[in-house]
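Fold and contact review
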Amino acid sequence: MSVLHHVPGSRSLRVLWLLEELGEPVDLRIWSLTDGSLRSPEFRALSPAGRIPALEIDGRVIFESGAIVEYLTETRGRLAPAPGSAERADFLEWLHFAETQANILQSLNIHHIFLRPESARSVPLMRLDTKRLAVTMQALEAHLTGRNWILRDFSAADCMLAFNIDAMFRFVRAEGFPAIAAYRARVQARPAYQRALERAGGDTIYTQEFYELTDG
Ligand SMILES: N[C@@H](CCC(=O)N[C@@H](CS)C(=O)NCC(=O)O)C(=O)O
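To start, this report covers the structure provided alongside it. (Residues numbered from 1 in each chain as written. Predicted model: local features only at pLDDT ≥ 70, side-chain atom pairs only at ≥ 80, totals over all residues. Heavy atoms only, no water.)

This next bit is on the overall build of the chain. Secondary structure assignment for the chain yields 9 helices and 4 strands. The C-alpha atoms of the chain give a radius of gyration of 17 Å, which matches the 17 Å a tight globule of 216 residues would have. Across its three principal axes, the chain shows a C-alpha extent of roughly 50 × 45 × 30 Å. A burial count over the chain gives 51% of its 216 residues as buried. Long-range pairs, those at least 24 residues apart, make up 69% of the contacts in the chain with a sequence separation of at least 6. Carbon together with sulfur atoms contributes 53% to the accessible area of the chain, which is approximately 10500 Å² in total. (Helix = DSSP H or I, 4+ residues; strand = E, 2+ residues; numbered from the N terminus. Rg over C-alpha atoms; globule rule 2.2 N^0.38 Å. Buried < 20%, exposed > 50% of the residue type's maximum accessible area, 1.4 Å probe, protein only. Contact = heavy atoms within 4.5 Å. Areas by Shrake-Rupley, 256 points an atom, 1.4 Å probe, with all protein chains shown as cover.)

Attention now goes to the sheet that holds strand β1 (residues 2–6). Paired through their backbone hydrogen bonds, the strands of a sheet run either parallel or antiparallel. An order of β2-β1-β3-β4 is seen for the 4 strands of this open sheet, with the pairing classed as mixed. Whereas interior strands pair on both sides, the edge strands pair on one side only; in this sheet they are β2 (26–30) and β4 (60–63). Pairs of neighbouring strands in the sheet enclose a mean axial angle of 20°, with direction left out of account. Bridge count between β1 and strand β3 (residues 54–57): 3 bridges; the pairing is antiparallel. When the bridges of β3 are listed, Val-3 appears paired with Glu-56. Against the sheet, helix α1 (residues 12–22) touches β1, β2 and β3, its axis set at about 150° to β1. (Pairing = 2+ DSSP bridges. Axes fitted to C-alpha atoms, helices over the stretch in contact; angles between N-to-C directions.)

Below, the discussion takes up the side chain of Arg-14. One can find Arg-14 in helix α1. Only 2.9 Å separates the side chain of Arg-14 from the backbone oxygen of Met-160, close enough to count as a polar contact. Polar side-chain contacts of Arg-14 include one of 3.2 Å to the side chain of Asn-164. For Arg-14, the contacting residues outside a window of four places in its chain are Ser-65, Ala-98, Glu-99, Ala-102, Cys-159, Met-160, Phe-163 and Asn-164. (Polar contact = N/O pair within 3.5 Å; in protein donor to acceptor, adjacent residues only side chain to side chain.)

Take the packing of α1 against helix α9 (residues 191–200) next. Taken N-terminus to C-terminus, the directions of α1 and α9 make an angle of 130°; their axes are 8 Å apart at the nearest point. Between α1 and α9, the angle is such that the two are oblique. Considering how the two elements wind past one another, α1 and α9 form a crossing that is right-handed. Side by side, α1 and α9 meet where Leu-13, Leu-16, Trp-17, Glu-20 and Glu-21 of the first sit next to Ala-192, Tyr-193, Arg-195, Ala-196, Leu-197, Arg-199 and Ala-200 of the second. Here the residues of the contact of α1 with α9 sort into 8 nonpolar, no polar and 4 charged. (Parallel < 35°, antiparallel > 145°, perpendicular 65-115°, else oblique. Left-handed = near helix turned anticlockwise from the far one by under 90°. Nonpolar A, V, L, I, M, F, W, Y, C, P; charged D, E, K, R; others polar.)

Time to look at the site of the ligand. Near the ligand lie 13 residues; those nearest to it are Arg-39, Arg-51, Ile-52, Glu-64 and Ser-65. Contacts to the ligand include Glu-64, whose side-chain N or O atom sits 2.6 Å from a nitrogen atom. For the ligand, the protein covers 86% of the area, taking 510 Å² as the surface of the free molecule. In the shell around the ligand, the residues fall into 4 nonpolar, 3 polar and 6 charged. (Near = heavy atom within 4 Å.)

As a further point, take the pattern of salt bridges. In total, this model carries 14 salt bridges according to the counting rule given. Note that Glu-24 and Arg-76 form a salt bridge whose closest N and O atoms lie 2.6 Å from each other. Taken together, the positions of Glu-24 in the loop between α1 and β2 and Arg-76 in helix α3 (residues 65–76) put the pair 52 residues apart, joining distant regions of the chain. Judged by relative accessible area, which is 24%, Arg-76 ranks as partly exposed. (Salt bridge = Lys/Arg side-chain N within 4 Å of Asp/Glu carboxyl O.)

Now for the packing of helix α4 (residues 88–114) against helix α5 (residues 123–144). Running from amino to carboxyl end, α4 crosses α5 at an angle of 150°, the nearest separation of the two axes being 10 Å. In terms of their interaxial angle, α4 and α5 are classed as roughly antiparallel. Between α4 and α5 lies a crossing whose hand is left-handed. Of the residues in α5, those touching α4 at Trp-94, Phe-97, Gln-101, Ile-104, Leu-105, Ser-107, Leu-108, His-111 and His-112 are Leu-125, Met-126, Asp-129, Thr-130, Arg-132, Leu-133, Thr-136, Met-137, Ala-139, Leu-140 and His-143. Looking at side-chain class alone, the contact of α4 with α5 contains 11 nonpolar, 7 polar and 2 charged residues.

In C-alpha cells, the structure reads:
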C-alpha cells in the first residue's frame, strides 16, 4: 500500500485529492509543521529538504508535490494531457504557477502566523507579498473567466492549484474574484475532493478567517 506523508492543511492535500480522483488507495502518515519532526533524520531520508508531502509508491519515495503529480498522471495515464500534446505546455505552466503562488502564501503564513515574537515580522515584506499574491490571483481570475477548469477538462493541474484558494482568500478579500469563487464551488462539489478533505484531518494552520495587514 502507498503511504502519503501528510500534514493536515498542507500541500499534501493536493496529492491525497489526486489519489482520490485516480481511485488509488493510500495510507496516511501524519506529521507536524511545528514539533521539529520534519527535521528528523527519519523524515529527511524521505524528503531531503524536510518538506511535506512525500509519497511512498511503486517501490520508491517521491518528494515535491509537482513531481508527484506529474509522476502519477504519467504512470496512470490519466488527468493530464499526454507529453507532446498541444495542451501539455498549458498543463505544465499551471502546475508550476501553483507553486509560485504557494510560495507567496507560505511566506505570508510564516509572517502572519508562525513567526514569533510579532516584532520579528517584516511589514514591508508582508505588504509586498500581499501585492504579489493579488497579481497571481488577477491572472487566475482572468484565466478562469468563461471556463470551468484550468484546462478544457478537469485535470491534475486543478488539484495543484485549487489547494491554494482557501489560503489566498485569507490574505486578499474574495470580492473582485468571482471566477475564482465559482471555481472553488465547483471543486468543493467534486466527490473525490470531499473524500480527500474528510481524510485530510482539517486545517492545522489558520485560526482566523482573514489576516488583516496592519502597520504594526
Ligand atoms: N515545493 C514543495 C514545497 C513543500 C513545502 O514547503 N511544504 C510545506 C507544507 S505545505 C512544508 O513542508 N513546510 C515545512 C517547512 O517549511 O519547514 C512541494 O510542492 O512539495
